[in-house]
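# Overview (structure and organization)
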Amino acid sequence: MDYGGANVSKTLHVGHLRSANLGESLKRLSKVLGNEVIGDAHLGDYGRPLGLVILEIQKRYPDLAYFKEDYNGEDIDLPVTAKDLEAIYPFASSKAKEDEEYLEEARVITTKIQNHEKGYYDIWKKIIEVSKEEIRKIYDSLNVSYDLWLGESDAAEYFPELLEEINRKDIIEESNGAKIIEVKEEEETSPMPPLLLVKSNGSISYETTDLATIYQRNKELHPDEIWYCVDNRQQLHFEQVFRAWKKLDINNNINLEFIGFGTMNGTDGKPFKTRDGGVMSLKNLMDLVKEETRKRINYDIVEPDKVEETVDMIALATIKYADLLPYRATDYIFNPEKFSDVEGKTGPYILYSTIRMKSLLEKGKEEVKETYHKIKDNIDKDIVLTLLRLPIALTKSYESKSLNDITEYIYNLTSKYNKFYAENKVLIEEDEDLKESWLVLTSIVYKVNLLLIDILGLKVPEKM
Ligand code: ARG
């Protein structure tokens, strides 16, 4: 599974949230259903952005040892932090738009990195190291983890080998000094541009790194399938890459699947932005939701030293649940206030209800038996029937590669349970058989909730 796709030295924004969130949950679901899954962060660490960042560092710190003639491969700390790097990229990028010479310098540095030129290659590695730490922290806070932390650059190492293979197949064409692979099929009427394999300046494109990534994964991991959780806007890119791979005929037994997702919009229906119209970073988004959460937690029951941790867990559930609620490919509106509410189809509602189930089970601990044998009325029956539909929800989600069946299901089960809870006093029920059955029913609903909460990648606080 290829998901997350953070770019080194760039700030993670809301678009990266969807990829990480959806990907992590699909990975967990897939494992629960018995598959062996390997998750790869596939960092964007290749190409011009890094050239720009290094150029700007060189402008600001021309005396840095990495840029000196006599540089000898020693490990030197960067004069900038991971945070500074995130500010340097937008600066350099907008400068390059106005300054042709600056852009050209960045291009030269990009090629130097790709040619492993002493100094430039070393500072590039250092930047990746520093930036990766920062990215890892953010993914940790999202409860997202990876088996592999590979990047585009790791795949690019395979390019020469891949190129030999491509040359043998005789499928390359020349076009204005660039090397391309035609991927349009006969009689196809919709536009399908060729895959740009090598640019006229000799550097390789984003498509090529993805082609090389399939090559590398095929060789090292032998996957049956590769799933890509990426923004819908990259659909054409993947279509080109998949077709080129097919044309290469190296291994056509791998099922390559593009799992596209839509945009998270603000209440104005436009992509979620900061108040002053800037790009919403993932960190800003989390802070904003935490603010809403702080207004709502019950300070009488959450111990003071648990407040921060509790706020983190609830805010995470707020964001992730809302994000997994609609079918993945559709755009949706994220309303922080609405989704922080403890009522309705929200993460906090699911967490709150689950904590209440746990507390009931703790109170009735002595009496939770193994078997369920007595149904009182339609409410219990409805819960049992809903429980029986769990496998359907799981398989539907797996097939559509979207978590919406699961988020709907857990809401459905939880609200039915809550209805039952409101109408019955389990712990003081006099009919012992019934009480026992109700506790068993509660424990099953609780276990199912925990399973699904884990698939959704949420965490349950002690109290809230
Ligand atoms: N780094 C890319 C971006 O921010 C996403 C990577 C998606 N995965 C891939 N194999 N291309 O747009």
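The following paragraphs examine the structure supplied in this document. A quick note: this is a predicted structure, and the numbers were derived from the prediction, not measured.

What counts as what
- Residues numbered from 1 in each chain as written.
- Predicted model: local features only at pLDDT ≥ 70, side-chain atom pairs only at ≥ 80, totals over all residues.
- Heavy atoms only, no water.
- Helix = DSSP H or I, 4+ residues; strand = E, 2+ residues; numbered from the N terminus.
- Expected span 1.5 Å × (residues − 1).
- Buried < 20%, exposed > 50% of the residue type's maximum accessible area, 1.4 Å probe, protein only.
- Pairing = 2+ DSSP bridges.
- Axes fitted to C-alpha atoms, helices over the stretch in contact; angles between N-to-C directions.
- Contact = heavy atoms within 4.5 Å.
- Phe/Tyr/Trp six-rings, centres within 6.5 Å; stacked < 30°, edge-to-face > 60°.
- Near = heavy atom within 4 Å.
- Polar contact = N/O pair within 3.5 Å; in protein donor to acceptor, adjacent residues only side chain to side chain.
- Areas by Shrake-Rupley, 256 points an atom, 1.4 Å probe, with all protein chains shown as cover.
- Core = buried A, V, L, I, M, F, W, Y, C linked by side-chain atoms within 4.5 Å.
- 1 Å grid on protein atoms, 1.4 Å probe; cavity = no way out; pocket = protein on both sides within 12 Å on 5 of 7 lines; lining within 4 Å.
- Points joined across faces, edges and corners; volume = space filled by probe spheres on them.
- Nonpolar A, V, L, I, M, F, W, Y, C, P; charged D, E, K, R; others polar.
- Parallel < 35°, antiparallel > 145°, perpendicular 65-115°, else oblique.

## Side note on helix H3 (residues 82–98)
Under the 1.5 Å per step criterion, the end-to-end length of H3 is 26 Å for 17 residues, consistent within 8% with the ideal 24 Å. Regarding H3, the residues found buried are Ala 82, Leu 85, Glu 86, Ile 88, Tyr 89, Ala 92, Ser 93 and Ala 96.

## What about the sheet that holds strand S3 (residues 195–198)?
As summarised here, the arrangement of the 3 strands in space is S1-S2-S3, forming an open sheet in which the pairing is antiparallel. Every interior strand has two partners, whereas the edge strands, strand S1 (172–175) and S3, have only one. When the angles between neighbouring strand axes are averaged without regard to direction, this sheet yields 45°. Of the pairings in the sheet, the one linking strand S2 (residues 178–181) to S3 comprises 3 bridges and is antiparallel in character. Paired with Lys 179 across the bridge in S3 is Val 198. Its contacts with the sheet place helix H7 (residues 159–169) against S1, S2 and S3, and it is angled at close to 115° to S3.

## What about the packing of aromatic side chains?
Here the structure, examined in full by the defined rule, presents 19 aromatic pairs. Pairing Tyr 417 with Tyr 421 gives two aromatic rings, centres 6.3 Å apart and planes at 45°, and the pair type is tilted. Of this pair, Tyr 417 and Tyr 421 both sit in helix H16 (residues 404–423), 4 residues apart, roughly one helical turn. On the basis of relative accessibility, which here comes to 27%, the residue Tyr 421 falls in the partly exposed class.

## As for the site of the ligand
The ligand sits among Asp 2, Gly 5, Asn 7, His 16, His 42, Tyr 206, Asp 210, Tyr 228, Val 230, Gln 234 and Phe 238. Residue His 42 places a side-chain N or O atom 3.4 Å away from a nitrogen atom belonging to the ligand. Between the ligand and Tyr 206 there is a distance of 2.7 Å, counted from a nitrogen atom to a side-chain nitrogen or oxygen. Relative to its free-state accessible area of 350 Å², the ligand is covered by the protein chains to the extent of 86%.

## What about the nonpolar core?
Ile 57, Ile 127, Tyr 139, Leu 285 and Phe 334 are the most contacted members of the largest nonpolar core, which totals 111 residues. Excluding anything up to four places from it in sequence, Ile 57 contacts Leu 64, Phe 67, Pro 79, Val 80, Leu 85, Ile 88, Ile 123 and Ile 127. In terms of nonpolar packing, the next biggest core, distinct from the first, is built from 32 residues, Ile 204, Ile 214, Ile 226 and Val 241 among them.

## Things to note about the environment of Glu 429
Here Glu 429 is to be found in the loop between H16 and helix H17 (432–455). Judged by its relative accessible area of 22%, Glu 429 is partly exposed. Between the C-alpha atom of Glu 429 and that of Lys 273, which follows or precedes it by 156 residues, the distance is 52 Å. In this structure, Glu 429 is in contact with Leu 434, Lys 435 and Trp 438, ignoring residues within four places of it in sequence.

## With respect to empty space enclosed by the protein
Across all of its chains, the model carries 4 cavities of 30 Å³ or more by this definition. Taken as a whole, the largest cavity encloses approximately 40 Å³ of empty space. Taken together, Tyr 46, Ile 113, Gln 114, His 116, Tyr 121, Trp 124, Ser 153 and Glu 157 make up the lining of the largest cavity. If you list the elements that add at least two residues to the lining of the largest cavity, you get helix H4 (100–114) and helix H5 (120–141). Looking at the lining of the largest cavity, its residues break down into 4 nonpolar, 3 polar and 1 charged.

## Notes on the packing of helix H1 (residues 14–32) against helix H11 (residues 307–324)
Contact geometry for H1 and H11: axes closest at 10 Å, N-to-C directions at 80°. The orientation of H1 with respect to H11, classified from their angle, is roughly perpendicular. In this structure, H1 uses Leu 17, Arg 18, Asn 21, Leu 22 and Ser 25 to contact H11, whose residues at the interface are Ile 319, Lys 320, Asp 323 and Leu 324. Grouping the amino acids of the contact of H1 with H11 by side-chain chemistry returns 4 nonpolar, 2 polar and 3 charged.

## Concerning unusual backbone geometry
Its identity as a non-glycine residue notwithstanding, Ser 9 has a phi of 65°, on the positive side. Looking at the secondary structure, you find Ser 9 in the segment before H1. The buried category is assigned to Ser 9, whose relative accessible area is 1%. Of note, the phi angle at Glu 187 is positive, near 65°, even though the residue is not glycine. Residue position: Glu 187 is located in the loop between S2 and S3.

## With respect to the packing of H7 against helix H8 (residues 206–221)
At a minimum axis separation of 10 Å, H7 and H8 run at an interaxial angle of 95°. Taken together, the axes of H7 and H8 lie roughly perpendicular to each other. Facing H7, whose interface residues are Phe 159, Glu 161, Leu 162, Glu 165 and Ile 166, H8 presents Thr 208, Leu 211, Ala 212, Tyr 215 and Lys 219. Grouping the amino acids of the contact of H7 with H8 by side-chain chemistry returns 6 nonpolar, 1 polar and 3 charged.

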